[in-house]
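Remarks on the overall topology
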Amino acid sequence: KIGRKKTPKITLRELNNFYATHPSATRDILREEHFGFEILEPFCGSGSMAKVIQSIGHVVKAYDIVDRGFGEIEDFFNLNPEKGRYDIISNPPYDDRLNEIILKSISLCKKKVALLLPFRYLSGQTRYKEVYAKNPPARVYVYIQRIAIAKSADFEKYDAGANMETYAWFVWEKGHKGGTELKWISNDTSPVFPERYFDEVKILGDVNDNLKLPRTP
């Protein structure tokens, strides 16, 4: 029970609920961007995002700060994975440490970081000074409609009309120093085909010819 004394948002989020990303939103960014073979998902929740990434053939290392039945239990700020090994795809908590999350992700990644964030997080003097001034996203994909971010991953009860937040995929590329390209993205429920996806990724030299892909649905 919460009385007049304020409880930090991060505590409320961890103890009482979490907000999961509908699988279709993960497929959306996989249609737009290609990532290295090994992916780090450090805020995996019940695995709604990681499972989609795995389904097209990626190896995913998944963590969450509490046990939600998927991945390993670990605080992101205690993680010490091999630098330059993983690309990162995630929907992180939107709390006071988000800037630190972004900066650590950029530092750890192999080539790319893709984070699903409220579009309004593109603004803010502190965030610009701490993050964007020296680490601008290479691309930002703004959703043209509401997407499903469901409390406790209960997508059956999700009401798209009740979600007043506009979301976007923020994509950082290692070493990017130019401007930020703004694009629009549409939420699509169709599948991503592993063979087609990895045929394109192979051109980038991120997978080998012996990779065994899951069967196309």
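Below you will find a few notes about this structure.

Criteria and thresholds
- Residues numbered from 1 in each chain as written.
- Predicted model: local features only at pLDDT ≥ 70, side-chain atom pairs only at ≥ 80, totals over all residues.
- Heavy atoms only, no water.
- Helix = DSSP H or I, 4+ residues; strand = E, 2+ residues; numbered from the N terminus.
- Buried < 20%, exposed > 50% of the residue type's maximum accessible area, 1.4 Å probe, protein only.
- Contact = heavy atoms within 4.5 Å.
- Areas by Shrake-Rupley, 256 points an atom, 1.4 Å probe, with all protein chains shown as cover.
- Phe/Tyr/Trp six-rings, centres within 6.5 Å; stacked < 30°, edge-to-face > 60°.
- Lys NZ or Arg CZ within 6 Å of the ring centre and 35° of its normal.
- Axes fitted to C-alpha atoms, helices over the stretch in contact; angles between N-to-C directions.
- Parallel < 35°, antiparallel > 145°, perpendicular 65-115°, else oblique.
- Left-handed = near helix turned anticlockwise from the far one by under 90°.
- Nonpolar A, V, L, I, M, F, W, Y, C, P; charged D, E, K, R; others polar.
- Core = buried A, V, L, I, M, F, W, Y, C linked by side-chain atoms within 4.5 Å.
- Salt bridge = Lys/Arg side-chain N within 4 Å of Asp/Glu carboxyl O.
- Pairing = 2+ DSSP bridges.
- Right-handed = clockwise from strand over helix to strand, strands pointing away.

Helix and strand counts for the protein chain stand at 6 helices and 10 strands. In the protein chain, which comprises 217 residues, the share counted as buried stands at 46%. Here the contacts in the protein chain between residues at least 6 apart in sequence split such that 73% fall between residues at least 24 apart. Put simply, the protein chain shows about 11,800 Å² of open surface, and 49% of that area lies on carbon and sulfur atoms.

With that settled, the discussion passes to the packing of aromatic side chains. With the rule as written, the count across this model stands at 5 aromatic pairs. Relative to Tyr-167, the ring of Tyr-94 lies with its centre 6.4 Å away and its plane at 45°, an arrangement referred to as tilted. Of the two residues, Tyr-94 sits in the loop between β5 (87-90) and α4 (98-108) while Tyr-167 sits in strand β9 (residues 167-173), which places them 73 residues apart along the sequence. Given a relative accessible area of 8%, Tyr-167 falls into the buried group. One aromatic cluster in this structure is built from Phe-43, Phe-76 and Phe-77. Here the basic side chain of Arg-97 rests over the ring of Phe-77, its NZ or CZ set 3.6 Å away from the ring centre. Its end group placed over the ring of Phe-35, Lys-112 keeps NZ or CZ at 5.6 Å from the ring centre.

Let us look at the packing of helix α2 (residues 23-32) against helix α3 (residues 48-55). As a packed pair, α2 and α3 sit with axes 8 Å apart at the nearest point and diverge in direction by 45°. Overall, the two elements α2 and α3 adopt an arrangement that is oblique. Handedness of the crossing formed by α2 with α3: right-handed. Residues Pro-23, Thr-26, Arg-27 and Leu-30 of α2 pack against Ser-48, Met-49, Val-52 and Ile-53 of α3. Its residues assigned to classes, the contact of α2 with α3 comprises 5 nonpolar, 2 polar and 1 charged.

Before going further, it helps to spend a moment on the nonpolar core. In this structure, Ile-89, Tyr-143, Trp-169 and Trp-172 are the most contacted members of the largest nonpolar core, which totals 50 residues. If you tally residues by element for this core, the top one is β9, at 6 residues.

The next point concerns α4. Among the 11 residues in α4, 8 count as buried, and that is most of the element. Here α4 has its buried residues at Leu-98, Asn-99, Ile-101, Ile-102, Lys-104, Ser-105, Ile-106 and Leu-108. On its buried face, α4 sits against β5, β6 (112-118), α5 (125-132) and β9.

Applying the stated criterion across every chain, the model contains 10 salt bridges. Between Glu-100 and Arg-97 there is a salt bridge, with its nearest N and O atoms 2.9 Å apart. Glu-100 gets classed as partly exposed once you look at its relative accessible area, which sits at 38%. Put simply, Glu-33, Lys-112, Arg-139 and Glu-173 are held in one network by salt bridges that share partners.

Counting buried residues in β6 gives 7 out of 7 residues, a clear majority hidden from the surface. Here β5 pairs with β6 via 3 bridges, running parallel. Within β6, the position partnered with Ile-88 by the bridge is Val-113. Assessed by its sense of winding, the connection that carries the chain from β5 through α4 to β6 is right-handed. Direction of pairing for β6 relative to β9: antiparallel, over a ladder of 7 bridges. Within β9, the position partnered with Ala-114 by the bridge is Val-171.

Overall, mixed pairing links the 8 strands, which are arranged β4-β3-β2-β5-β6-β9-β7-β10 in an open sheet. Lying at the two open borders of the sheet, with one neighbouring strand each, are β4 (72-73) and β10 (181-185). Inspection of the sheet shows strand β2 (residues 38-41) paired to β5 by 2 bridges, in the parallel sense. Of the residues in β5, the one forming a bridge with Ile-39 is Asp-87. Where α3 meets the sheet, it contacts β2, β3 (59-64), β5 and β9, and its direction lies at approximately 170° from that of β3.

Functional significance is not addressed by these values, which are geometric in nature.
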